[in-house]
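Survey of secondary and tertiary structure
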Amino acid sequence: MATKKGAAAGEDGSDASGAASKDVTATVFTSLLESILGGVESFTLAPGKTGVVMQAATATGSGEVRIPTLSVRNLPEDGVVLDFKAFVGACKGRKAVSLSAKGSSGELEVSSGSYRAAIATTEVAGSGGKDSSASGGSGSGKTEYNTSVSLDDSCKALLSSALRSTRIEKTYSGIVDTVVHVDATDKAVTIACFEPSQVAYKKVKNKDGNFPTCSFVLPSSIISKVLLLPGTVKLSVNDAMAVMRSKSCDVTFPLPIDTINAISTDQVKQLIKVAKTSASKEFTIGKASLQSFLLNAESVLVSSADVSVSPADGKGVILSVTTAKGTVKEKFKGSIGKKFSLNFPFFRAAAGRAGGGGEDDILRIGVTDAFVMMDNSSDNSSYIAALSE
């Protein structure tokens, strides 16, 4: 299949920018592509203002990766569409590859020394492959961002640790992804993972003010991409998109409507404050003991089940799960004023995420008329979930 040559593409083997295509380290960009765009079936490869742009439809929208050090000979202006696995597989394990679009055969040639691979391509209709990373896709000048912050390796390590403590499973089918709120002052960094019926959060000290002051909201699947990029990453966020820039590549993701309409970091902080001050009838339970009970309770679990928490005769608190398969229950120390029920996945998320997971971790459980809060003061992490009706 003949492909349309870009206006600046040369017949002499130059790329779309007029520069000769050079061998590039394949292990770098294949690893990045698998981390950032992994799971897609196909993607568009097109010339950018510098390097090349790779675009693909992802779960959160059309993801874009720009690699400034990568060039492709004779790449059409509008780009070509490639099978993702075929392209990555053809480049994998090679220290360096050269890429060349073969318009006459409709293929992309991957070469390294005596090695050759030809990947089938198709033309792109219109201008879908245009580089939007610099202009935000508007084509009308500089993009304005609500937040722009540089995160070095120590900042990413702090984020990664906090996210492990606050990660929650999506249980509300009406959203694409859970939402992560990051709020940093010169004294503390608060990370909260949120969906309509649950929120997990952790507050850590901002030692020496190393984490830059900022406040932003992103889907958990997108903020995880920030942690995958090597070296310092400049993260810029506005109401429509998130842009991550590093020495290796630039990554752009549009923000889904769930994120745009998500509650603000100030609202999440207020929710946490209300939960801490209004929760009553508190009792404590060892995290390891609770996890053991929940593990046993899975033996009778069905598609939908609640954990019932009720006062024991005399002293104590009884946790029980009853389904058509049977009943699992256990008595723990403490006291509770009235019975309440919490969806099993919420209880499991609370036990798994609130706290550091040590054998001596103690969860403080507080209850209101609308929600339950499990707090682990040893590492300043907590979990809030709506009670079952």
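Residues numbered from 1 in each chain as written. Predicted model: local features only at pLDDT ≥ 70, side-chain atom pairs only at ≥ 80, totals over all residues. Heavy atoms only, no water.

1. Some details on the overall build of the protein
A tally of helices and strands in the protein yields eight helices and 23 strands. Contacts spanning at least 24 positions in sequence make up 64% of the contacts within the protein whose residues lie at least 6 apart. Accessible surface for the protein amounts to roughly 18000 Å². Of this, 49% is attributable to carbon and sulfur atoms. (Helix = DSSP H or I, 4+ residues; strand = E, 2+ residues; numbered from the N terminus. Contact = heavy atoms within 4.5 Å. Areas by Shrake-Rupley, 256 points an atom, 1.4 Å probe, with all protein chains shown as cover.)

2. With respect to the packing of aromatic side chains
Throughout the structure, instances matching the rule amount to three aromatic pairs. Look at Phe43 and Phe84: their rings are 5.9 Å apart centre to centre, the planes differ by 80 degrees, and that puts the pair in the edge-to-face class. Separated by 41 residues along the polypeptide, Phe43 in strand β1 (residues 42–47) and Phe84 in helix α2 (residues 84–91) bring together distant segments of the chain. Here the two residues Phe43 and Phe84 agree in accessibility, since each one is buried. Aromatic ring contacts, followed pair by pair, group Phe43, Phe84 and Phe87 into a single cluster. When the ring centre of Tyr115 is taken as reference, the NZ or CZ atom of Arg94 above it lies at 3.8 Å. (Phe/Tyr/Trp six-rings, centres within 6.5 Å; stacked < 30°, edge-to-face > 60°. Buried < 20%, exposed > 50% of the residue type's maximum accessible area, 1.4 Å probe, protein only. Lys NZ or Arg CZ within 6 Å of the ring centre and 35° of its normal.)

3. Topic: the nonpolar core
Here is a general trend for soluble globular proteins: nonpolar side chains tend to be buried in one another's company. Counting residues in each nonpolar core, the largest one holds 94 residues, and the members touching the most others are Leu45, Phe87 and Leu319. Aside from chain neighbours lying at most four places away, what touches Phe87 is Phe29, Leu33, Phe43, Met54, Leu82, Leu99, Leu108 and Ile119. Ala192, Val199, Phe371 and Met373 belong to the second largest nonpolar core, which has ten residues in total. (Core = buried A, V, L, I, M, F, W, Y, C linked by side-chain atoms within 4.5 Å.)

4. Brief notes about the confidence of the model for the protein
When pLDDT is averaged along the protein, the result is 79; 81% of the residues meet or exceed 70. Here residues 1–22 is a poorly scored stretch, pLDDT under 50, and it has 55 contacts once near neighbours within four places are set aside; other chains count. Scored below 50 in pLDDT, residues 133–140 makes 13 contacts in the model with residues more than four places away or belonging to other chains. (pLDDT = per-residue confidence, 0-100.)

5. Focus on the pairing of β1
Burial analysis of β1 places five of its six residues in the buried class, the great majority of the element. In terms of strand pairing, β1 meets strand β4 (residues 80–83) through four bridges, oriented antiparallel. When the sheet's bridge partners are listed, Ser42 is paired in β4 with Asp83. (Pairing = 2+ DSSP bridges.)

6. Observations concerning helix α4 (residues 220–228)
Along α4, the residues that are buried comprise Ile222, Ile223, Lys225 and Val226. The arc that holds the buried residues of α4, viewed along the axis, is 145 degrees, so those residues lie on one side. (Arc of directions from axis to C-beta.)

7. So, the packing of helix α1 (residues 26–37) against α2
At a closest axis distance of 9 Å, the pairing of α1 and α2 adopts a crossing angle of 150 degrees. As summarised for this structure, α1 and α2 are arranged roughly antiparallel, according to the angle between their axes. Regarding α1 and α2, the two cross each other, and that crossing is left-handed. Note on element contacts: α2 touches α1 through Phe84, Phe87, Val88 and Cys91, opposite Ala26, Phe29, Thr30, Leu33, Glu34 and Leu37. Taken together, the residues of the contact of α1 with α2 break down into eight nonpolar, one polar and one charged. (Axes fitted to C-alpha atoms, helices over the stretch in contact; angles between N-to-C directions. Parallel < 35°, antiparallel > 145°, perpendicular 65-115°, else oblique. Left-handed = near helix turned anticlockwise from the far one by under 90°. Nonpolar A, V, L, I, M, F, W, Y, C, P; charged D, E, K, R; others polar.)

8. Focus: the side chain of Thr147
Along the polypeptide, Thr147 turns up in strand β8 (residues 147–151). Among the residues examined, Thr147 registers a relative accessible area of 10% and is labelled buried. A polar atom in the side chain of Thr147 sits 2.9 Å from the backbone oxygen of Ser215. Not counting residues within four places of it along the chain, the set of residues in contact with Thr147 comprises Cys214, Ser215, Phe216, Leu235, Ser236 and Val237. (Polar contact = N/O pair within 3.5 Å; in protein donor to acceptor, adjacent residues only side chain to side chain.)

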